[in-house]
Protein chains: 2
Amino acid sequence: MGIIVQKYGGSSVANAERIKNVARRVAETASENPVVVVVSALGDTTDELVELARQINPQPPEREMDMLLATGEQISIALLAMAIHALGREAISLTGKQVGIVTDDAHTKAKIVEITNCDRVHEELSRGRVVIVAGFQGATCDDDITTLGRGGSDTTAVALAAGLGAERCEIYTDVDGVFTADPRIVPEARKLDRVSYDEMLEMAAAGAKVLQMRSVEFGRNYKVVINVRSSFNDNAGTEVKEADEYMEQPIISGVIHDVSEGKVTLFGVPDKPGVAARVFAALAEANINIDMIVQNVSSEERSDISFTMPKDDFAKAETVLRELADELGGRGYNIDPDIAKVSLIGAGMKTHPGVAAAMFSVLAENGINIEMISTSPIRVSCVIGEADVDRAVRALHDEFKLGEEVPSGL
Amino acid sequence: MGIIVQKYGGSSVANAERIKNVARRVAETASENPVVVVVSALGDTTDELVELARQINPQPPEREMDMLLATGEQISIALLAMAIHALGREAISLTGKQVGIVTDDAHTKAKIVEITNCDRVHEELSRGRVVIVAGFQGATCDDDITTLGRGGSDTTAVALAAGLGAERCEIYTDVDGVFTADPRIVPEARKLDRVSYDEMLEMAAAGAKVLQMRSVEFGRNYKVVINVRSSFNDNAGTEVKEADEYMEQPIISGVIHDVSEGKVTLFGVPDKPGVAARVFAALAEANINIDMIVQNVSSEERSDISFTMPKDDFAKAETVLRELADELGGRGYNIDPDIAKVSLIGAGMKTHPGVAAAMFSVLAENGINIEMISTSPIRVSCVIGEADVDRAVRALHDEFKLGEEVPSGL
């Protein structure tokens, strides 16, 4: 029987009762397949530790932050092992370091380089034990503890599944899987049975929270089948895997929206080579992730540059923007937090032209103004006013008939 | 300049404010000597983790308990490192595993076998960093995390001081040092400037809480000078070191009392060879530590056996006692929780006979009945009624003039 890797997030192990529930689910699977479980920190543990650190040092060294945060997952794995033992099944917990998750030394956002101790995992599995591994953490070659950044437990799970040659990797979360739209906004949104890695990557980039982008990339690179499902029921969830000839290629798989970004405009900067490079280099140096970019010539030899970026980084960005406006002799800048991004994603777009035009029409018919546009071969994104976002998502879901099993909107 | 090892207990790092205080004290020392700091878990962290574990599994596997509990110290070291950084001094935290504290595999009460990575500590010190090591924890040869049992951080500190060839090991606690008696009972009790390892071991065995016995043994075996002092003031504390010709050998160094034990009596067991062995083998199997033992013949071919043991283990003991009474055909047993042990300790006793007799007289003059007696070359202990303990300690401290710089009571 193939190895199953299961990953449970913080809300699935938030208290003693939920940990016992996870233990029951794990024990059930373990009666048929060897199981490796990856867990995150209990509920709000990570946030509490961060708060404690800030009280002591507003700018704690990142190495020490990792030393601190890694304890969250270590607590979870020990407690889950105890809960499984209480059900009469053997289990053993292992830290990231103990399974040999080697990372680079980019503390608080380290990347996995290799997994060197899969042997230990195989050995414990062969003794009939459930192996429980701390997500979100690893260690450098120099034996310093690192963490992988928010959502890093997904990456741990997929990387372990790849390293162990697992049959599949199940990511348990608080939703039933990947939906055609956010069910809180579109009640008739449909759960997708499967999506391709490429679609999932575009969805994650477009703002879908269900899987961390890096874990999907890992899955794609190592061909790990990822099953996203709920830890609160037995529904089948969504399979993320290679798009193949047998997989139906829907024109549009889903509508994704994102209200976490804002729009910044630099007015009247010189319209000459090197200016855009200067602007975005300065922002990159300040570690600010830019999403969409639009540039247009506003008057003779002057242009406006607009881009979207996380609202959380506005404070950092303002320092940079003030300097840039001075340096480039522009006409100032504007920061607009009240925008939203709506995206249509579908692997079939590659072979079906006209999706973008159809999307613009739907928005226009609903009186929704488009501020920015960006596309990829399998995605069309529009920036609109934040107040219009729910209406836009519903209109697009409805017009393209995404609630139906085989959407026929085009 | 010699390396100073400093150990801070859980109450010294119970919250952000206290951690900052410890950081200031460490930074001060670090401006003159290389400093290695050993810390325990924050305040009640360990108790809270134990409680969480019990909710999930009333009998958690000890390996997983260690995985869980080791996080307490890992949190402390990270936070203390951050606090020292906030003062503008470099610091680095290391887990027990990272400094190579290798233990046996007796989970929850592991013993240190060796320390294999003192090089890392020396290297960090040579870079001008304060090194902060997690107390109470280590790892087996197989890379499993272990803990050293209650008070294990003292042992970590003394073992590290030995391994690093430190100038001294400072144990910071909430009292000023080792006293001639408990100052809460005897206000005129005097702080001792120094005691020998042997005296300190007897004091710890007699119930003094200030230093864990194993850490003193470690100190004696590796000749580490241990300085016990308060983390709340700058008083000099007590030095625990080898008794040498220059060290004054007081006849009596202190009066120690202990109310944590109770007395058990097995009535009318057969007075023949092998019975005592059977009784104490059964108790040892149940992992119950026995302290004093008295046996007397009560009638023809029958004897009573009395012993003292921790009150906390009474429940465990009763199961064993019931079986023993049946098996040996005795006349039942009695458990008396209302006793106390009072001990006089002094290295000079070896060469001054008559201390025991003098002690019994003092107790008799005060109308205090002695239930059991035990002695070593440098200690006399009496079991008395718990209600008499404060009076006994005061009378002995007074009669033997222990409050005076050179006691002249004998």
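Residues numbered from 1 in each chain as written. Chains lettered and ligands numbered in written order. Predicted model: local features only at pLDDT ≥ 70, side-chain atom pairs only at ≥ 80, totals over all residues.

Draft legend 1. Molecular detail of the overall build of chain A. If you tally the helices and strands in chain A, you get 11 helices and 20 strands. Here the C-alpha radius of gyration of chain A, 23 Å, is about what a compact globule of 410 residues would show, namely 22 Å. Oriented by its inertia axes, the alpha-carbon framework of chain A measures out at about 75 × 55 × 35 Å. By the burial criterion, 49% of the 410 residues in chain A qualify as buried. Put simply, 74% of the contacts in chain A that link residues at least 6 apart link residues at least 24 apart. (Helix = DSSP H or I, 4+ residues; strand = E, 2+ residues; numbered from the N terminus. Rg over C-alpha atoms; globule rule 2.2 N^0.38 Å. Buried ≥ 20, exposed ≤ 12 C-beta atoms within 10 Å, placed from the backbone. Contact = placed C-beta atoms within 7 Å.)

Draft legend 2. Molecular detail of the interface of chain A and chain B. Of the residues lining the interface, 27 residues belong to chain A; the matching set on chain B comes to 27 residues. The element that contributes the greatest number of residues to the side of chain A that touches chain B is helix α3 (residues 62–86) of chain A, accounting for 14 residues. A class-by-class count of the residues in the side of chain A that touches chain B yields 17 nonpolar, 7 polar and 3 charged. (Nonpolar A, V, L, I, M, F, W, Y, C, P; charged D, E, K, R; others polar.)

Draft legend 3. Representation of the packing of α3 of chain A against helix α3 (residues 62–86) of chain B in the model. Put simply, α3 of chain A and α3 of chain B touch, their axes get as near as 8 Å, and they point 165 degrees apart. Taken together, the axes of α3 of chain A and α3 of chain B are roughly antiparallel relative to one another. Two packed elements cross with a definite hand, and for α3 of chain A against α3 of chain B that hand is left-handed. Together, E64, M67, L68, T71, Q74, I75, I77, A78, L79, A81 and M82 of chain A of α3 of chain A and E64, M67, L68, T71, Q74, I75, I77, A78, L79, A81 and M82 of chain B of α3 of chain B make up the contact between the two elements. Residues that form the contact of α3 of chain A with α3 of chain B fall into these classes: 16 nonpolar, 4 polar and 2 charged. (Axes fitted to C-alpha atoms, helices over the stretch in contact; angles between N-to-C directions. Parallel < 35°, antiparallel > 145°, perpendicular 65-115°, else oblique. Left-handed = near helix turned anticlockwise from the far one by under 90°.)

Draft legend 4. Here's a closer look at the sheet that holds strand β1 (residues 4–8) of chain B. Residues and elements named next belong to chain B. A sheet is described by the order of its strands in space; here 8 strands give the open sequence β3-β6-β2-β1-β9-β11-β12-β10, paired in mixed fashion. A strand with exactly one partner marks an edge of an open sheet, and here the two such strands are β3 (91–94) and β10 (194–196). The average angle at which neighbouring strand axes cross in this sheet is 20 degrees, direction not considered. (Pairing = 2+ DSSP bridges.)

Draft legend 5. Examining the pairing of strand β20 (residues 379–385) of chain B more closely. Residues and elements named next belong to chain B. Among the 7 residues of β20, 6 are classified as buried, and the element is accordingly described as predominantly covered. Looking at chain direction, strand β18 (residues 339–345) and β20 are connected through 7 bridges and run antiparallel. The partner of V342 across the bridge, within β20, is C382. Across 5 bridges, strand β19 (residues 372–376) lies against β20 in antiparallel orientation. If you follow I373 over to β20, its bridge partner there is C382. Once β19 ends, the chain turns through 2 residues before running back antiparallel as β20.

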